[in-house]
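# A structural walkthrough
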Amino acid sequence: YRQASTPKDPAWELADPENRWLSRGPKHRLSAEQVRDAALFASGLLVPKIGGPSVMPYHPEGVWEEAGTGKTYTQSQGDGLYRRSMYTFWRRTAPPPSMLAFDATSRETCTARRETPPTPLQALVLLNDPQYIEAARAVAEHTIRRHPKDRAARWNAMAAKLISRPLTEKERAVIENAYLEQRTYFEGSPASASEFLKIGSRPASSSIDPVDLAASCVVAETLMCFDEFVMKR
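To start, this report covers the structure provided alongside it. Since the structure is predicted, the reported quantities are computational estimates derived from the model, not experimental observations.

## Observations regarding the packing of helix 6 (residues 130-146) against helix 10 (residues 210-224)
To describe two helices that pack against each other, one gives the angle between their axes and the distance between the axes. Here helix 6 crosses helix 10 at 115 degrees, and the two axes come no closer than 8 Å. Crossing angle aside, the handedness with which helix 6 passes helix 10 is right-handed. Across the interface between the two elements, Tyr132, Ile133, Ala135, Ala136, Arg137, Val139, Ala140, Glu141 and Ile144 from helix 6 touch Asp212, Leu213, Ser216, Cys217, Ala220, Glu221 and Met224 from helix 10. For the contact of helix 6 with helix 10, the class distribution of residues is eleven nonpolar, one polar and four charged.

## Description of the layout of surface pockets
For the largest pocket, the calculated volume is near 350 Å³. Within the residue set of the lining of the largest pocket, elements represented by two or more residues are helix 2 (32-43), helix 7 (151-162) and helix 11 (227-230). Of the residues forming the lining of the largest pocket, the biggest block, four residues, is contributed by helix 2. Along the lines of polarity and charge, the residues of the lining of the largest pocket split into nine nonpolar, two polar and three charged. In this structure, the second largest pocket encloses a volume near 200 Å³.

## Let's talk about helix 2
Helical geometry: 3.6 residues make up each α-helical turn, so side chains three or four residues apart lie on a common side. Taking 1.5 Å per residue as the helical rise, helix 2 with its twelve residues ought to reach 16 Å, and the 17 Å between its terminal C-alpha atoms agrees with that figure. Of all the twelve residues making up helix 2, nine are buried; the element is thus mostly covered by neighbouring parts of the structure. Within the span of helix 2, buried status applies to Ala32, Glu33, Val35, Arg36, Asp37, Ala39, Leu40, Ala42 and Ser43. Just past helix 2, the residue Gly44 takes up positive phi, approximately 80 degrees.

## A closer look at the pattern of salt bridges
Two side chains bearing opposite charge may form a pair once their charged atoms approach each other closely. According to the stated counting rule, one finds 15 salt bridges in the structure shown. One salt bridge in this structure joins Glu187 and Arg183, with 3.1 Å as the shortest N-O distance. Taken together, the residues Glu187 and Arg183, both in helix 8 (residues 169-188) and four residues apart, mark about one turn of the helix. Look at Glu187 and you get partly exposed, because its relative accessible area is 45%. In the salt-bridge network here, residues are joined through shared partners; they are Arg154, Arg183, Glu187, Asp209 and Asp212.

## Some thoughts on unusual backbone geometry
Look at Leu22: it is not a glycine, yet its phi comes out positive at around 55 degrees. On the secondary structure map, Leu22 appears in the loop between helix 1 (10-15) and strand 1 (28-29). Residue Leu22 is classed as exposed on the basis of its relative accessible area, which comes to 59%.

## Some points on the nonpolar core
In terms of nonpolar packing, the biggest core is built from 46 residues, with Met158, Leu162, Leu167, Phe196, Leu223, Met224 and Phe229 touching the most fellow members. With ten residues, the single largest contributor to this core is helix 10. Aside from chain neighbours lying at most four places away, what touches Phe229 is Leu30, Val35, Ala38, Ala39, Leu126, Leu162, Ile163, Leu223 and Met224. Judged by nonpolar contacts, the second largest core, of eight residues, contains Leu46, Val47, Leu81 and Ala138.

## Examining empty space enclosed by the protein
One pass over the structure, following the stated rule, counts one cavity of 30 Å³ or more. In this structure, the largest cavity encloses a volume near 100 Å³. Contributions of two or more residues to the lining of the largest cavity are made by helix 4 (97-101) and helix 6.

Parameters and conventions
- Residues numbered from 1 in each chain as written.
- Predicted model: local features only at pLDDT ≥ 70, side-chain atom pairs only at ≥ 80, totals over all residues.
- Heavy atoms only, no water.
- Axes fitted to C-alpha atoms, helices over the stretch in contact; angles between N-to-C directions.
- Helix = DSSP H or I, 4+ residues; strand = E, 2+ residues; numbered from the N terminus.
- Left-handed = near helix turned anticlockwise from the far one by under 90°.
- Contact = heavy atoms within 4.5 Å.
- Nonpolar A, V, L, I, M, F, W, Y, C, P; charged D, E, K, R; others polar.
- 1 Å grid on protein atoms, 1.4 Å probe; cavity = no way out; pocket = protein on both sides within 12 Å on 5 of 7 lines; lining within 4 Å.
- Points joined across faces, edges and corners; volume = space filled by probe spheres on them.
- Expected span 1.5 Å × (residues − 1).
- Buried < 20%, exposed > 50% of the residue type's maximum accessible area, 1.4 Å probe, protein only.
- Salt bridge = Lys/Arg side-chain N within 4 Å of Asp/Glu carboxyl O.
- Core = buried A, V, L, I, M, F, W, Y, C linked by side-chain atoms within 4.5 Å.

Structural data, given as structure tokens:
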């Protein structure tokens, strides 16, 4: 189970292309529930409680009404926003759109195996859904506190949390440039930084420079879009 999907010896892939000898591990994109839970776990927001009633985490406004359910979605508060995805309330006629983007089924019919192709829409969810923005901000807050001045160490700490490996020099340069671009933007538009940091139910830390936090949050979101965050290899 712990084998990587990359063969230790390239010759093994030629000799056993279908992996009948189990010389390497499988690879596949994580399910919708696993991606969400991974973000919550990395951010420290995941509530480990087992059991209890269903909860209603973040959900776009008006979806239930547009689907003609005759019901109104009432978002949970507190721990209900951060429970494992298996506890998410599911209405078959209006399932969570962020879950559908990661190929969760509507559950109207039985599905033996889900499709798991990567799509650009999934990156849009990781960059824009309140659940992932809030999780990225929590990761940013934690790493800023640990590395307030050393940004290279900050990015490595984020990478360890989100993609379980150190960044390459090329990747670190790209991440640093992304941070500087976002910092310049938020410095020129403090209102945008304030609005961005208000996304989600959990308030942003007031002890951290909002411009630094907002720019670092975007970096954390960027790392969530890495292949290693959404794939099991």
